[in-house]
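Below are the chains, spelled out letter by letter.
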Amino acid sequence: MANYVEFNNIKKGFAGVQALDDISFRVEGGRVCALMGENGAGKSTLLKILSGDYIADEGNILIDGKPVVFSSPHGAIKASISVIYQERQLVPGLSVMENIFIEDLPTKGIRIDKAALRSKTQAILNEFELDFSPSEIVGKLSVAHQQMVEIMKAYRRNSNIIAFDEPTAPLSEHEINTLFKVIRKLKSDGKVIIYVSHRMAEIFQISDDIVVLKDGNLVCELKSDETNELELIKAMVGRDIGDTYAELKRNDKIGEVVLEVRHLETDDVHDINLTLRKGEILGFAGLVGAGRTELARAIFAADPIKSGEILLEGKPVRFKSPKDAINAGLALCPEDRKEQGLVLERTISNNVSSAVLSKVRTGPFLSKQKEQKLANDAVKMYSIKTPTIEKQCIELSGGNQQKVILGRWTSEQVVTKVLILDEPTKGIDVGAKAEIYQTVCDFAKAGLAVIFISSELTEVINLADRIIVMAEGRITGTMTRQQATEENVLKLAMHH
């Protein structure tokens, strides 16, 4: 078993960007090392070198003192390394059990031993306290459950070195607690564990050591029990960001009702009634599976409505498709930005202009000049870190991808009245979060009506003017920011 893994003078550059510059540190077995840093700090690049997705330009990785180089992820898996990425690497059309054992299906003669496959998967599901079936098709599972399948796939390999990249972003509190139990078991088995997360509370709960990266450089190495949240934020951001929420410049001029929902019913949400005013930030809180995303998708016409009505500026509307909703002034930044929010293989420029192609034409042709102006405006407005607007979105960090989506819906060419933000800070570092909070307040000041959905309770409570709490597809309570506490919101979120 590996007792340690060591990164030795690792350098990696991409066109115009030095992603990692001379990174050296060591992770001991039987300890959890948190890898921290803002988006674009180089964390994912380092994990991709460990997993064989990338090859370092200089430097090497040592496992128990022996240098290793992987030309593919297969080589890393053979060397007992598993990396669990934010981007799920599952086959949606296959079952849970087929995904978990995809490289090592049990056989009986020349056939797959279905009974053994099912019972082995069931044993892992029991360990993770999950109640779906081994034969469930992965594509039909929620984002949170798909993430758990990804984690179970790595766990099943019994690798000696395991790296988690933002594993808890889509998970509920219960699922996070279960995952932490599993990580503690792996730690007691002497495994080498690297853990990436932007959630401060988690870092202090699960890690022993902390390594901080910034702009591809190693800033410092800390012991978790010898530091605190403020010191850590300062090391990551390079400055003291103070009390993020207290310093927000908020909108104090909330206007008339822009959006009204009456008795809305879909397969997932029931009897929803709400109003949203011009310049208001309406927060949605609830546990995973509460129906917040489903409600947003129904309002945006991405999912069908069974009954009830939606009024926009006092007039009933019936959108047949998201295109109708966009034309009427609604915009949605979806929860899964990689799968639903962006065309990852296209450039920043293409993605920003995609909502307003008819407005960036000259005659029948796309005007490169108009498209570039929109993209440059977005890069400037949101401080998107990129050497060029022609960079593909797949090459950007999570925070910068989120900013591209915001740039699309808030350009001067788009008339947005209602902006729906579904988990806009998921997987985003503390510095970029502070920027996004202020941006949301700026939207409200500009007169937009904003729906803000987040699984981070403190975020909803401190940012929204009013908070709607949901549980099991229903609204269980509404309150103002002044009335909201974590305790009373959680009580309503767990309401059955």
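Owing to the predicted nature of the structure, the values given are computational and were not obtained by experimental measurement.

Moving on: the overall build of the protein. Assigned secondary structure in the protein consists of 17 helices and 24 strands. Reported as C-alpha extents along the three principal axes, the dimensions of the protein are approximately 70 × 50 × 50 Å. Sorting the 496 residues of the protein into buried and exposed places 54% on the buried side. For the protein, the exposed area adds up to about 21,800 Å²; of that, 49% sits on carbon and sulfur atoms. The centroid of the 62 positive side-chain charges in the protein is displaced by 4 Å from the centroid of its 69 negative side-chain charges.

Here the focus is a nonpolar patch on the surface. A contiguous nonpolar surface patch, about 250 Å² in accessible area, is contributed by Leu287, Leu490 and Met494. Position of methionine 494 among the secondary structure elements: in the segment after α17 (486-493).

Assignment of secondary structure puts leucine 171 in the loop between β9 (161-165) and α6 (173-188). The spacing of leucine 171 and alanine 144 is 27 residues in sequence and 5.0 Å in space, taken between C-alpha atoms. With sequence-adjacent residues up to four places away left out, leucine 171 is seen in contact with Ala144, Gln147, Met148, Ile176, Leu179 and Val288.

This part covers the sheet that holds strand β11 (residues 209-214). Ordered by their spatial adjacency, six strands build an open sheet running β6-β9-β10-β3-β11-β12, and the pairing between neighbours is mixed. The two strands at the open ends of the sheet, each matched to only one other strand, are β6 (81-84) and β12 (217-223). Strand after strand, the sheet turns through a mean of 15 degrees between neighbouring axes, direction not considered. Examined bridge by bridge, strand β3 (residues 31-36) and strand β10 (residues 192-196) share five bridges and lie parallel to one another. The partner of leucine 35 across the bridge, within β10, is valine 196. Running at roughly 150 degrees to β9, helix α1 (residues 43-50) makes contact with β3, β6, β9, β10 and β11 of the sheet.

Moving on, we come to the sheet that holds strand β16 (residues 307-312). Spatial ordering of the open sheet is given by β14-β13-β16-β17, a layout of four strands whose pairing is antiparallel. The open sheet is flanked by β14 (272-277) and β17 (315-317), the only strands paired with a single partner. Geometrically, the sheet is characterised by an average inter-axis angle of 20 degrees between neighbouring strands, direction not taken into account. When β16 meets β17, the two strands line up antiparallel, connected through three bridges.

Before going further, it helps to spend a moment on α6. What sets the pattern is the α-helix's 3.6 residues per turn: residues three or four places apart point alike. In this model α6 runs 23 Å from its N-terminal to its C-terminal C-alpha over 16 residues, within 8% of the 22 Å that 1.5 Å per residue would give. Burial in α6 covers these residues: Glu175, Ile176, Thr178, Leu179, Phe180, Val182, Ile183 and Leu186. Buried residues in α6 make contact with β3, α4 (114-127), α5 (143-156), β9, β10 and α7 (200-206). Just downstream of α6 lies glycine 190, where phi reads positive at about 85 degrees.

This brings us to the domain arrangement of the protein. Often, the extent of an interface is quoted as the loss of accessible area on bringing the components together. You can read the domains of the protein as domain 1 (4-237) and domain 2 (257-493). Summarising the inter-unit geometry, the C-alpha centres of domain 1 and domain 2 are found 29 Å apart. The interface formed by domain 1 and domain 2 holds zero salt bridges in total. The interface formed by domain 1 and domain 2 contains zero residue pairs in polar contact (both at pLDDT 80 or more). At the level of secondary structure, the elements contributing two or more residues to the side of domain 1 that touches domain 2 comprise α5 and α8 (229-237). Of all the elements, α8 adds the most residues to the side of domain 1 that touches domain 2, at three residues.

Moving on: the environment of phenylalanine 70. Here phenylalanine 70 is to be found in the loop between β5 (66-68) and α2 (73-78). With relative accessibility at 9%, the residue phenylalanine 70 sits in the buried group. For the pair phenylalanine 70 and leucine 50, spaced 20 residues apart in the sequence, the C-alpha separation amounts to 7.9 Å.

Under the criterion given, the structure shown has 24 salt bridges. Lysine 253 is paired through a salt bridge with aspartate 252; the nearest N and O atoms lie 3.6 Å apart. With respect to class, lysine 253 is no different from aspartate 252; both count as exposed. What emerges from the salt-bridge pattern is a single network uniting Glu103, Asp104, Arg156 and Arg157.

Looking now at the state of the cysteines. In protein chemistry, a disulfide is the covalent bond that joins the sulfur atoms of two cysteines. Here the structure, examined in full by the defined rule, presents zero disulfides. This cysteine, cysteine 220, is not joined by any disulfide, and cysteine 33 carries the nearest cysteine sulfur, 11 Å off. Not part of a disulfide, cysteine 393 finds its nearest cysteine sulfur in cysteine 333, a span of 13 Å. Taking the relative accessible area as the measure of exposure, cysteine 393 reaches 0% and is therefore buried.

Another aspect to go through is the packing of α4 against α5. As a packed pair, α4 and α5 sit with axes 11 Å apart at the nearest point and diverge in direction by 115 degrees. One finds that α4 runs roughly perpendicular with respect to α5. The two elements α4 and α5 cross, and the hand of that crossing is right-handed. Between α4 and α5, the contacting residues are Ile124, Leu125 and Glu127 on the first element and Met152, Tyr155 and Arg156 on the second. Its residues assigned to classes, the contact of α4 with α5 shows four nonpolar, no polar and two charged.

Cut-offs and rules
Throughout, residues of each chain are indexed from 1 in the direction in which the sequence is written. Thresholds applied to this predicted model are a pLDDT of at least 70 for local features of residues and 80 or more for the giving and counting of side-chain atom pairs; totals over whole chains, interfaces and linings are not thresholded and use all residues. Here the side-chain values reflect all heavy atoms present in the structure, with hydrogen atoms and water set aside. Starting at the N terminus, helices and strands are each numbered in turn, a helix being any DSSP run of H or I of at least four residues and a strand any DSSP run of E of at least two. Accessibility here uses a 1.4 Å probe with only protein chains present; expressed as a share of the type maximum, an area under 20% marks a residue as buried, one over 50% as exposed, and anything in between as partly exposed. Accessibility throughout is a Shrake-Rupley quantity obtained with a 1.4 Å probe, and a residue counts as covered only by protein chains that appear here. Positive charges are assigned to Lys and Arg, negative charges to Asp and Glu, while His and the chain termini are left out of the count. To locate a charge, take atom NZ for lysine, CZ for arginine, CG for aspartate or CD for glutamate. Patch membership requires over 30% relative accessible area and the absence of a salt bridge. Like charges are linked within 9 Å, and nonpolar side chains (Val, Leu, Ile, Met, Phe, Trp, Tyr) within 5 Å. Only one rule defines a salt bridge in this text: a Lys or Arg side-chain nitrogen within 4 Å of an Asp or Glu carboxyl oxygen. In this analysis, two residues are considered to be in contact whenever any of their non-hydrogen atoms come within 4.5 Å of each other. We treat two strands as partners when DSSP finds at least two bridges between them. Under this scheme, a helix contributes an axis fitted over its contacting stretch, all axes are lines through C-alpha atoms, and angles between N-to-C directions fall in the 0 to 180 degree range. One less than the residue count of a helix, multiplied by 1.5 Å, gives the span that helix is expected to have. Note that the domain bounds reflect an automated or database-derived domain assignment. Distance and chemistry together define a polar contact, namely a pair of N or O atoms within 3.5 Å, with one atom able to donate a hydrogen and the other to accept it when in protein, and with adjacent residues in sequence counting only for side-chain atoms on both sides. Only a pair of cysteine sulfur atoms within 2.5 Å qualifies as a disulfide here. Should an angle fall under 35 degrees it is taken as roughly parallel, and over 145 as roughly antiparallel, whereas 65 to 115 is taken as roughly perpendicular and any remaining angle as oblique. In a left-handed crossing the near helix is turned counterclockwise from the far helix by less than a right angle, and in a right-handed crossing that turn is clockwise. Residue classes follow a fixed rule: Ala, Val, Leu, Ile, Met, Phe, Trp, Tyr, Cys and Pro count as nonpolar, while Asp, Glu, Lys and Arg count as charged, and any other residue, Gly among them, counts as polar.

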